[in-house]
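# Examining the three-dimensional arrangement
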Amino acid sequence: MTKRILIIYTGGTIGMQRFPQGYAPVSGFKELMQERFNYSQHAQLPEFDLTELSPLIDSANLQPSHWNLIAGQIIESYSSYDGFIVLHGTDTMAYSASALSFMLQGLDKPVIFTGSQIPLAELRNDALDNLITSLLLAAFHPVNEVCIYFNGKLLRGNRSSKVKATGFDAFDSPNFPWLGQVGLNIELHNKLFIEQGQQNFHNPVFVGKAVTVLPIFPGLCADVADAICHAPGVKGLIIRSYGVGNLPDQNQGLLDALHSASDQGCIIVNISQCLQAEVFQGQYACSSVLNEIGVISGGDMTVEAAFSKLHFLLATEKDRASIKQMMRDDLAGELDS
Ligand code: ASP
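These lines cover the structure that appears in this document, whether it is placed above or below. Keep in mind that what you see is a predicted model, and the values were worked out from it rather than measured.

### Some remarks on helix α6 (residues 252–263)
Under the 1.5 Å per step criterion, the end-to-end length of α6 is 16 Å for 12 residues, consistent within 8% with the ideal 16 Å. Buried within α6 are the following residues: Leu254, Leu255, Ala257, Leu258, Ala261 and Ser262. Down the axis of α6, the smallest arc covering the buried residues is 160°, so these residues share one side. Each element contacted by the buried residues of α6 is listed here: β15 (211–215), α5 (222–229), β16 (236–241), β17 (267–272), α7 (285–293) and α9 (320–328). Glycine 265 lies just past α6 and shows a positive phi near 105°.

### Some points on the pairing of strand β9 (residues 153–156)
On β9, burial covers both faces: Lys153 and Leu155 on one face and Leu154 and Arg156 on the other are all buried. If you look at the hairpin formed by strand β8 (residues 146–150) and β9, you'll find 2 residues sitting between the two strands, and asparagine 151 has a positive phi there, around 50°. Where β9 and strand β12 (residues 180–182) come together, 2 bridges link them in antiparallel fashion. Within β12, the residue paired with lysine 153 across the bridge is glutamine 181.

### Quick notes on the sheet that holds strand β4 (residues 47–57)
Reading across the sheet, the 8 strands line up as β4-β1-β5-β7-β8-β9-β12-β13 and stay open at both edges, with mixed pairing between neighbours. The sheet is open, and its two borders are formed by β4 and β13 (186–188), each paired with just one other strand. Here the strands of the sheet are splayed against their neighbours by 20° on average, with no regard to which way each runs. Contacts from helix α3 (residues 93–103) reach β7 (111–114) and β8 within the one sheet, and its direction differs from that of β8 by about 155°.

### Some remarks on the nonpolar core
Of all hydrophobic cores here, the largest spans 81 residues; its most connected members are Phe29, Met33, Ile74 and Leu100. Apart from the residues within four sequence positions on either side, phenylalanine 29 is in contact with Tyr9, Ile14, Gly15, Leu50, Glu52, Leu87, Leu120 and Leu131. Counting residues in hydrophobic clusters, the runner-up holds 21 residues, among them Leu220, Ala261, Ile268 and Leu290.

### Observations concerning α9
Of all the residues in α9, the buried ones are Ile323, Lys324 and Met327. In an axial view of α9, the angular spread of the buried residues amounts to 100°, which keeps them on one side of the axis. Of the surrounding elements, those touching the buried residues of α9 are β17, β18 (296–297) and α8 (303–316).

### A look at the site of the ligand
For the ligand, the full set of nearby residues is Gly12, Thr13, Met16, Asp58, Ser59, Gly89, Thr90, Asp91, Ser116 and Gln117. Aspartate 58 places a side-chain nitrogen or oxygen 2.8 Å from a nitrogen atom of the ligand. Within the contact set of the ligand, a nitrogen atom lies 2.8 Å away from a side-chain nitrogen or oxygen of aspartate 91. Here the ligand has 270 Å² of accessible area as a free molecule, and 90% of this is covered by the chains. Looking at side-chain class alone, the shell around the ligand contains 1 nonpolar, 7 polar and 2 charged residues.

Reading the values: rules and limits
- Residues numbered from 1 in each chain as written.
- Predicted model: local features only at pLDDT ≥ 70, side-chain atom pairs only at ≥ 80, totals over all residues.
- Heavy atoms only, no water.
- Helix = DSSP H or I, 4+ residues; strand = E, 2+ residues; numbered from the N terminus.
- Expected span 1.5 Å × (residues − 1).
- Buried < 20%, exposed > 50% of the residue type's maximum accessible area, 1.4 Å probe, protein only.
- Arc of directions from axis to C-beta.
- Contact = heavy atoms within 4.5 Å.
- Pairing = 2+ DSSP bridges.
- Axes fitted to C-alpha atoms, helices over the stretch in contact; angles between N-to-C directions.
- Core = buried A, V, L, I, M, F, W, Y, C linked by side-chain atoms within 4.5 Å.
- Near = heavy atom within 4 Å.
- Polar contact = N/O pair within 3.5 Å; in protein donor to acceptor, adjacent residues only side chain to side chain.
- Areas by Shrake-Rupley, 256 points an atom, 1.4 Å probe, with all protein chains shown as cover.
- Nonpolar A, V, L, I, M, F, W, Y, C, P; charged D, E, K, R; others polar.

Quick look at the structure:
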């Protein structure tokens, strides 16, 4: 039976052209694809429709409300297609793939994010392979979750990070094995895929400023910590700590800022700055104070997963205790629980 895929083109380098001020996304991606696919064996490809976000964006301009536009398209046309591809800029692809994994729980079809480091419009590019392989994965392989496909790697979306700005191998999932690799053959590690559950889709209203991030660095002063922790409208805070969740416990101004934010209802989650890590609050004396403050250990989540999960829970749950509990629970394969 003919497979049908919906491609959602949001912008990003894959569909950009060079202008005097630099690369920017342009519309007309379907025509460009058809021109490029003339050189490929398109009879082996599934049929596809393509829809473009309006306006197209450089993903550096992504806002949480863009997640609604992408998820909305998928939810609206879910029964009409066998799989979905999201063409997205690489800068924030891991945030969007993470967000969609929480918004589209219980998928029984693939949702594959891809993009490229060189636009499809250019002669030498990585776009064509990323696109063709994503189409084949979305149409003919039993992938029932939100993934990123990039340069031969199939990665769980909410375990992925952009790790290189210049190499073609821009993405990795340093804290979780690849779901598959594509070389001479497409090899998928089926045992790693999420077990299919009950379809549970949400497209909630996100409040852009609800979640913020506090990086820990030598010399972080109380004023900066305080301004971030108490910024108007902030309901959730991700701390980017050292190593296994450490922070300078001799910095009383920082501890006071965290304590008062927590007392005022802000949900604080501790994520390591290291790409391969798991947070253990209290392994070192300097981090045990976080347990007293009520900071949640983010375990082995990526910052992109923790950030979008907190946004998702603040937008869908009312009760603070259940948000805290769900931050600790594995909702979509983002966490070793
Ligand atoms: N700035 C671009 C974007 O994220 C980078 C890329 O797509 O590779 O949209």
